[in-house]
Amino acid sequence: MRVAIVGGGICGLYLAWKLAEKGHQVTVFEKKEKIGKEVCSGLFSERILDFIPESQKLIQNKIDSVLIHFSKRTLRIKFSNWFFVMSHYRLDNLVANLAKGAKVKIILSSNWSMSDIEHFGGEFKRIVGCDGALSPVRKSLGLKDPQFRLAIQGFINEKNFSNFIETWPTKSGFIWKIPRGLYETEYGIIEKPKIAKEIFDKFLKENNLHLERINSGIIPQGLIIPKNSSIALCGDAAGLTKPWSGGGVVWSLIAANILLKNFPDFIKYKKEVKKFFLPKIIFSKIATKIVYFLGFNFPWILPKNIKIESDFLI
C-alpha cells in the first residue's frame, strides 16, 4: 500500500520505518531542510530501547529520580525505570537512516498541501499526520487544537553526571535542571505561553544563571484522533504528551505501535488509542493537580520519597 507520512520527526520516521519493513511503499514529507529536532530535552525512559534498540549508543547520562522543590518541602520521586539523556537530533537521524535502509523515501523542504500529497507520484491510500503541535493535517481535517504550553530551554557549559533531575513547580508547569553528562547542564521551563518567559527570566536572574543556545517550542496536550478511514494523526499532532511533564516520545511510539498493529484500519486504531491513553491522561491530570495543590498549600502532607512508574505514574 502507498502511504504518506507527513512530518519527519521521531514518530513519523518510526512509523515509516516499520511500515516499510512490512512491505508498504512509504514517503515521508518533511517541511524542514534537514532531519532532527533541536528543541527538546532528550530525556527518554528506558522503554525507548524497546522501540529503537540502536539508540543504546546515544545515551549521555542515566537518571533514576527527580527532586521537586516546593518552597517549603522537597520531594524525591524515584522512577521504576531509568531515564536516559540523549540527543533528540541524533536519535531522529538514527531512525531516519533505519527508515532509508528499509527503502523509505524522505522528501525535505516539502511545502505541501493535502491535495499535493494525495496526487504526488500517484494516489496515497493512507495518510498519517505526524506533523507536530501545530499540525496542518489536523487543521485540514477541521479538528480543534489541543491545549498548548510553551517550553523554553538553554544550556550552560558544565559537566554534570548526577543521576537525578531537579524541578521547581510553577503555577501551571515547572522549571527543570537536567544533567547532560560530559557535555553540559540544561535548564528549562514548561508553562502557559503568556507567562513562561517572565517566570523563567526571574528564576535565571535570582540564581545568577547565564544560558547559551536558548530555544523554545510549543508542547500540545490532549487526545485528538480523527474518525477517518484514510487519514490518521499520531504523536504531537494528536496531542499525545504526558500531562505532568510534557514529554511525548515514548507515548508517541506506543501510539505508533497501536497504529501499526491495526494498519490499515484507522477507525480501529482510534478506538484502541483512546481506550489505552484516555484513562492515563485523566488520572495523571488529577494526580498532578493534587500534588501541586498540596505542595503549594500543605506540603507537610506529602511524603518526602515517592516511587512512580516512569511513563504512566502507576
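As shown above, the structure is provided for reference.
Just so you know, these numbers come straight off a predicted model, no measurement behind them.

## With respect to the overall build of the chain
At step 1: Assigned secondary structure in the chain consists of eight helices and 14 strands.
At step 2: For a compact globule of 314 residues, the expected C-alpha radius of gyration is about 20 Å, and the chain comes in at 20 Å, within 12% of that figure.
At step 3: For the chain, the C-alpha atoms occupy an extent of roughly 60 × 35 × 35 Å along the three principal directions.
At step 4: A total of 314 residues make up the chain; the buried ones form 55% of that total.
At step 5: Considering only intrachain contacts with a sequence separation of at least 6, the fraction spanning at least 24 residues in the chain is 71%.
At step 6: Approximately 14900 Å² of the chain is accessible, and the part contributed by carbon and sulfur atoms is 54%.

## Re the sheet that holds strand β7 (residues 126-129)
At step 1: Taken together, the five strands give an open sheet; going across it, the order is β6-β2-β1-β7-β13, and neighbouring strands pair in parallel fashion. Bordering the open sheet on either side are β6 (105-107) and β13 (231-233), each of which pairs with just one other strand. Taking the axes of each pair of neighbouring strands and ignoring which way they run, one obtains an average angle of 20 degrees across the sheet.
At step 2: Pairing geometry for strand β1 (residues 2-6) and β7, over four bridges, is parallel. Looking at the pairing, A4 lines up with I127 of β7.

## Points about the side chain of S41
At step 1: Inspection of the secondary structure assignment puts S41 in the loop between β2 (25-29) and β3 (43-45).
At step 2: Classification of S41 as buried rests on a relative accessible area of 15%.
At step 3: Polar side-chain contacts of S41 include one of 2.5 Å to the side chain of E186.

## A short note on helix α8 (residues 266-297)
At step 1: If you check α8, its first and last C-alpha atoms are 45 Å apart, about what 32 residues at 1.5 Å a residue would give, namely 46 Å.
At step 2: A maximum bend of about 30 degrees is found in α8 at F277, where proline P279 lies one to four positions downstream.
At step 3: Looking at α8, one finds that the buried residues are F266, Y269, K270, V273, F277, I281, S284, A287, T288, Y292, L294 and G295.

## Comments concerning the packing of aromatic side chains
At step 1: In this structure the tally under the stated criterion is 18 aromatic pairs.
At step 2: Geometrically, the ring pair formed by Y292 and F296 is edge-to-face, given 5.9 Å between the ring centres and 75 degrees between the ring planes. Remark: F296 and Y292 occur in helix α8; sequence separation between them is four residues, near one turn of the helix.
At step 3: With a relative accessible area of 41%, F296 lands in the partly exposed category.
At step 4: Each residue in the set W244, W251, F276, F277 and F312 is aromatic and connected to the rest through ring pairs, giving one cluster.
At step 5: One residue, R126, lies across the ring of F266, its end atom 5.7 Å from the ring centre.

## A few points about the environment of G181
At step 1: With respect to the secondary-structure elements, G181 resides in the loop between β10 (174-179) and β11 (185-191).
At step 2: For G181, a relative accessible area of 0% gives the class buried.
At step 3: In sequence terms G181 and K280 are 99 residues apart; their C-alpha atoms lie 31 Å from each other.
At step 4: Apart from the residues lying within four places of it in its own chain, the contact partners of G181 are Q60, N61, K159, N160 and F161.

## So, the packing of helix α7 (residues 249-262) against α8
At step 1: α8 packs onto α7 with a crossing angle of 150 degrees between their chain directions and a minimal axis gap of 8 Å. Judged by the inter-axis angle, α7 sits roughly antiparallel to α8. Classified by chirality, the crossing of α8 by α7 is right-handed. Within the contact between the two elements, α7 uses W251, I254, A255, I258, L259, K261 and N262 and α8 uses F266, K268, Y269, E272, V273, F276, F277 and I281.
At step 2: When its residues are assigned to classes, the contact of α7 with α8 shows eleven nonpolar, one polar and three charged.

Calculation criteria
Residues numbered from 1 in each chain as written. Predicted model: local features only at pLDDT ≥ 70, side-chain atom pairs only at ≥ 80, totals over all residues. Heavy atoms only, no water. Helix = DSSP H or I, 4+ residues; strand = E, 2+ residues; numbered from the N terminus. Rg over C-alpha atoms; globule rule 2.2 N^0.38 Å. Buried < 20%, exposed > 50% of the residue type's maximum accessible area, 1.4 Å probe, protein only. Contact = heavy atoms within 4.5 Å. Areas by Shrake-Rupley, 256 points an atom, 1.4 Å probe, with all protein chains shown as cover. Pairing = 2+ DSSP bridges. Axes fitted to C-alpha atoms, helices over the stretch in contact; angles between N-to-C directions. Polar contact = N/O pair within 3.5 Å; in protein donor to acceptor, adjacent residues only side chain to side chain. Expected span 1.5 Å × (residues − 1). Bend = angle between axes of the 7 residues up to and from the residue. Phe/Tyr/Trp six-rings, centres within 6.5 Å; stacked < 30°, edge-to-face > 60°. Lys NZ or Arg CZ within 6 Å of the ring centre and 35° of its normal. Parallel < 35°, antiparallel > 145°, perpendicular 65-115°, else oblique. Left-handed = near helix turned anticlockwise from the far one by under 90°. Nonpolar A, V, L, I, M, F, W, Y, C, P; charged D, E, K, R; others polar.

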